[in-house]
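Remarks on the overall topology
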Amino acid sequence: MNHAKATESNDNGSAPPTSCFAAQISHGDVRELRGPLLVAGGIEGVGWDEFATIDMDGGEQRHGLVLEIDQDLATLQVLESTDGMSLEGIRIRFEGRPLHIEVGTDWLGRVCNGRGEPLDGGPPVTGPERLPVSGWPLNPVYREPPQEPVLTGISVIDGLTTLVRGQKLPIFSVPGLPHLTLATQIAAQAASSGRSFRVVFAAMGLTHADIAYVRDRLESRSAGGELVLLLNAADDPVIERILTPRIALTIAEHLAYTEEYDVLVIMSDMTSYAEAVREVSAARREIPARRAYPGYLYSDLATLYERCGRVKGHDGSVTIIPVLTMPGGDITHPVPDLTGYITEGQIVLSPEIAARGIYPPVDVLSSLSRLMRHGAGKDRTREDHLDVAAQVLAAMARARQATELAELIGAAALSETDRSYMRYQTLVENSVFNQGRDEARSMDDTLGRAWEALAALPEQELTMVSTALLEKYLPQRNHRS
């Protein structure tokens, strides 16, 4: 990222010359194997987060990252797990730097596992640069505010919780809801106006059936060279799950700040990622915090989410959509709770709305894009967008009150205005919110549908839209004077 990133030098963990690795010292004093962890003794000159190669009898190689240094003891997390390993016959070679990957446009169109190894039958991915998967520290002075929309083709998102280029906007879901379907639809359809747009999809802890669905759904965009797929299966080593989003973001940063693309990174499911962090923390015998998650979960998530944004002097951007499931539908669970503190809004999926056959089942009154005004309105989407969105949400809140009142006293006892709000709710849910799983809508189509639904209300109820906009966009009905 040129001047915006930290200066690369041998003092800050970046890659020293190749010759420095010509004579790596091999350590064989393995003291303990504990879950996914390996504890080695007699270690000197090794640093935290250093990458290591583990040579086993028979020629097999595994890889690890240093989690902790305590005097002459080094604790490593083994990426391929410690299954089948014994204390004897193991040699460890430390590389003197964190894990790096090669980055470049060759990643586009490739399908790899969570460690970046090809699953598509192609050769290993190579590139002109090697970057650390932990990313570069970014000086906040060089950050530009998120701006301009990223349109997903999904009406309820584009219309009411507009995603903005450089934003981080999570999807909160419940097990059993179609959050993966929604994530893949966004990955297949998303675009930013007039710019080169690319998608990096990082899947974590998915079943093989879900992985097959993702690959099939995104095959077209992948074949077009616009998509990178990193797929971590549920039966893959849990440590790989911790690397997957970091590798995805490293690829995205290079595409954005060197190749000048707008890059959307979709990470699903971040709850699986957090559970992997918890498992490693338990293996390290750390004192647990809420729900047995480590006390540093907030800062760990922040190191991922804060890698998005726009940078001065660069046309590209990184936009992040983390997808996470809330165990038991509890939005106060540590993963959604901490995610909400770091990100700029949320899209909440509701089982009650899904039960009515609406897809995507977004609870619009619980959803919010805090940066929507930076990406919507005149010269960005359309002049009436923000006013229409505000009116749709206000009317939905009133419609929900009318529906609850009807359950108590019956619809016949409601006023005509309240009944019009109930008709409006049916119209807006069926026409605007409900959408085909392969259907991409333009912004004009979305706003046109919203106006059609608002036309079910008495005109005097449309208090959040100016008279000029009403005259220009409100459909005229036969019984309206």
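Residues numbered from 1 in each chain as written. Predicted model: local features only at pLDDT ≥ 70, side-chain atom pairs only at ≥ 80, totals over all residues. Heavy atoms only, no water.

So, on to helix 5 (residues 238-257). Between the first and last C-alpha of helix 5 there are 30 Å, a value that for 20 residues agrees with the 28 Å anticipated at 1.5 Å per step. The sharpest bend along helix 5 comes to roughly 25°, located at Thr 244, with the proline Pro 245 sitting one to four residues further on. Burial runs high along helix 5: 20 of the 20 residues are buried. (Helix = DSSP H or I, 4+ residues; strand = E, 2+ residues; numbered from the N terminus. Expected span 1.5 Å × (residues − 1). Bend = angle between axes of the 7 residues up to and from the residue. Buried < 20%, exposed > 50% of the residue type's maximum accessible area, 1.4 Å probe, protein only.)

Looking at the protein chain, the pLDDT average stands at 90 and 94% of residues meet or exceed 70. Contacts for the low-pLDDT stretch residues 1-23, under 50 throughout, to residues beyond four places or in other chains number 39 contacts. Note that pLDDT drops below 50 for residues 477-481; the model gives that stretch eight contacts with residues more than four away or on any other chain. (pLDDT = per-residue confidence, 0-100. Contact = heavy atoms within 4.5 Å.)

What follows covers the side chain of Ser 173. The residue Ser 173 is located in strand 14 (residues 171-173) in this model. The buried category is assigned to Ser 173, whose relative accessible area is 0%. Within the local environment of Ser 173, its side chain forms a polar contact with the side chain of His 179, the two groups lying 2.9 Å apart. Once residues lying within four places of it in the same chain are set aside, the contact partners of Ser 173 are His 179, Leu 324, Thr 325, Met 326 and Leu 349. (Polar contact = N/O pair within 3.5 Å; in protein donor to acceptor, adjacent residues only side chain to side chain.)

Another aspect to go through is the packing of helix 11 (residues 416-433) against helix 12 (residues 443-454). Two numbers describe a pair of packed helices, the interaxial angle and the distance between the axes. At a closest axis distance of 8 Å, the pairing of helix 11 and helix 12 adopts a crossing angle of 165°. Accordingly, the angle class assigned to the pair helix 11 and helix 12 is roughly antiparallel. As for the relative orientation of helix 11 and helix 12, their crossing is right-handed in sense. Together, Tyr 424, Leu 427, Val 428, Ser 431 and Val 432 of helix 11 and Arg 449, Ala 450, Ala 453 and Leu 454 of helix 12 make up the contact between the two elements. Here the contact of helix 11 with helix 12 is composed, by residue class, of seven nonpolar, one polar and one charged. (Axes fitted to C-alpha atoms, helices over the stretch in contact; angles between N-to-C directions. Parallel < 35°, antiparallel > 145°, perpendicular 65-115°, else oblique. Left-handed = near helix turned anticlockwise from the far one by under 90°. Nonpolar A, V, L, I, M, F, W, Y, C, P; charged D, E, K, R; others polar.)

A word on the packing of aromatic side chains. Across all of its chains, the model carries one aromatic pair by this definition. Aromatic side chains Trp 451 and Tyr 473 sit 5.9 Å apart centroid to centroid with 15° between the ring planes, which places their arrangement in the stacked category. With Trp 451 in helix 12 and Tyr 473 in helix 13 (residues 467-473), this residue pair connects regions lying 22 residues apart in the sequence. Taking the relative accessible area as the measure of exposure, Trp 451 reaches 1% and is therefore buried. Of note, Arg 278 hangs over the ring of Tyr 293, and the distance from its end group to the ring centre comes to 4.3 Å. (Phe/Tyr/Trp six-rings, centres within 6.5 Å; stacked < 30°, edge-to-face > 60°. Lys NZ or Arg CZ within 6 Å of the ring centre and 35° of its normal.)

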